[in-house]
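Topology and contacts: notes
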Amino acid sequence: MSTIAIIGAGPGLGAAVARRFGREGYGIALISRDQDRLDALAAELGEEREGGEEGEEGVTARGFAADVRDPNALTAALDAAATALGPIEVLQYSPVPHKDFMRPVLDTTSDDLVGPVEFSVYGPVTAVRNVLPGMRALGRGTVLFVNGGTAVVPHPDRAGTSIAFAAESAYGRLLHDTLAAEGIHVAQLIIPGAIIPGHDKKDPAVLANTLWTLHQERNGFRHFADDLDS
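Residues numbered from 1 in each chain as written. Predicted model: local features only at pLDDT ≥ 70, side-chain atom pairs only at ≥ 80, totals over all residues. Heavy atoms only, no water.

1. Things to note about helix α6 (residues 204-217)
End to end, α6 covers 20 Å across 14 residues, agreeing with the expected 20 Å (1.5 Å per residue, within 8%). At its buried positions, α6 is contacted by α1 (13-23), β4 (88-93), β5 (141-148), β6 (184-191) and β7 (222-224). Between the side-chain oxygen of the N-cap and the backbone nitrogen of Ala205 there are 2.9 Å, and the N-cap of α6 in question is Asp203. Of the residues trailing α6, Arg218 is marked for its positive phi of about 55°. (Helix = DSSP H or I, 4+ residues; strand = E, 2+ residues; numbered from the N terminus. Expected span 1.5 Å × (residues − 1). Contact = heavy atoms within 4.5 Å. Polar contact = N/O pair within 3.5 Å; in protein donor to acceptor, adjacent residues only side chain to side chain.)

Here it is, written out as structure tokens:
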């Protein structure tokens, strides 16, 4: 069984992606900072039955706690996930940035950029370097970056994420261009504004299906969940 590792897993988008990939037979590695919340989410996913039908199996999910700003912890979590669930074929990097990363540009010091860069650059680099050997061994793989609109249009009141998301985007694009020949697809989904339950484009289940489509169709690097001005 192949595995999708969802870094930044929570009850919204992360859970929806777990359900979508779980329906396709993937093991689900849920990674975020709080082990208790991860365990609760994994248990909930495991108990669910698709469409409420009896006899259908729930999602095979496990939680592995790590802070993306701690490279050693993130590496240990990904190693444990691969050991417990099988090789990681799909990596989704989608943790929600901290509110204190979003300061106005003229109030932002070099110290204020340490956290955003650790979060959006060092974290992805650590994760990709960990899973890449396994993807190469499989002969296939997908890396999915999920970012907000400031990755494309920087916002003067959100300097930290604007700067760090731009760097993350550049890293992702470099990976896309470099790894395509090896059968490893790298894509970025831009979600402008908030994720909104019930929205025709930004509902978690809709976004999860979009990410599944990016994994399956393997076409291009940057994709938009909705218009940037939405």
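2. Describing the packing of aromatic side chains
Both the distance between ring centres and the angle between the ring planes are used here to describe each pair of aromatic rings. For the structure on display, the rule yields 5 aromatic pairs. A centroid spacing of 4.9 Å and a plane angle of 80° characterise the contact between Phe21 and Trp212, whose relative ring orientation is edge-to-face. Within this pair, whereas Phe21 is found in helix α1, its partner Trp212 is found in helix α6, the two being separated by 191 residues in sequence. Trp212 matches Phe21 in its accessibility class, with the two residues each being buried. In this structure an aromatic cluster arises from ring pairing among Phe21, Tyr26 and Trp212. (Phe/Tyr/Trp six-rings, centres within 6.5 Å; stacked < 30°, edge-to-face > 60°. Buried < 20%, exposed > 50% of the residue type's maximum accessible area, 1.4 Å probe, protein only.)

3. Quick look at a nonpolar patch on the surface
Among the surface-exposed residues, Val153, Phe224 and Leu228 lie close enough to one another that they form a single nonpolar patch of about 260 Å² accessible area. Among the structural elements, Val153 can be located in the loop between β5 and α5 (159-179). (Patch = residues over 30% accessible without salt bridge, like charges linked within 9 Å, V, L, I, M, F, W, Y side chains within 5 Å. Areas by Shrake-Rupley, 256 points an atom, 1.4 Å probe, with all protein chains shown as cover. Salt bridge = Lys/Arg side-chain N within 4 Å of Asp/Glu carboxyl O.)

4. Focus on the side chain of Asp203
Along the chain, the position of Asp203 falls in the loop between β6 and α6. Although Asp203 is buried, it forms no salt bridge, and the closest oppositely charged side chain is Arg19 at an N-O distance of 8.9 Å. Within the structure, the side chain of Asp203 is placed 2.7 Å from the backbone nitrogen of Gly198, a separation counted as a polar contact. Here Asp203 is in contact with Ile196, Pro197 and Gly198, once residues within four sequence places are set aside. (Lys, Arg positive; Asp, Glu negative; His and termini not counted.)

5. A look at the environment of Leu113
Mapped onto the fold, Leu113 is located in the loop between β4 and α4 (114-138). C-alpha of Leu113 to C-alpha of Met102: the two residues are 11 residues apart in sequence and 9.8 Å apart in space. Every residue in contact with Leu113, bar those within four places of it in the chain, is listed here: Thr108, Gly160 and Ile163.

6. Some thoughts on α1
Taken across its 11 residues, α1 has 9 buried, putting it largely inside the fold. Among all positions in α1, only Leu13, Gly14, Ala15, Ala16, Val17, Ala18, Arg20, Phe21 and Gly22 are buried. Gly25 occupies a position one or two residues after α1 and carries a positive phi of about 95°.

7. Things to note about the pattern of salt bridges
Applying the stated criterion across every chain, the model contains 9 salt bridges. The salt bridge partner of Glu44 is Arg19, with a shortest N-O separation of 3.3 Å. On the criterion of sequence distance, the pair formed by Glu44 in helix α2 (residues 35-47) and Arg19 in helix α1 is long-range, its members being 25 residues apart. Residue Arg19 is classed as partly exposed on the basis of its relative accessible area of 26%.

8. Remarks on the environment of Val68
Position of Val68 relative to the elements: it lies in the loop between β3 (61-65) and α3 (71-85). Exposure remark for Val68: the relative accessible area of 9% places this residue in the buried category. With 37 residues separating them along the chain, Val68 and Ile31 place their C-alpha atoms 9.0 Å apart. When sequence neighbours within four positions are dropped, the list of residues in contact with Val68 reads Ile7, Leu74, Tyr93, Pro95, Glu118, Phe119 and Gly123.

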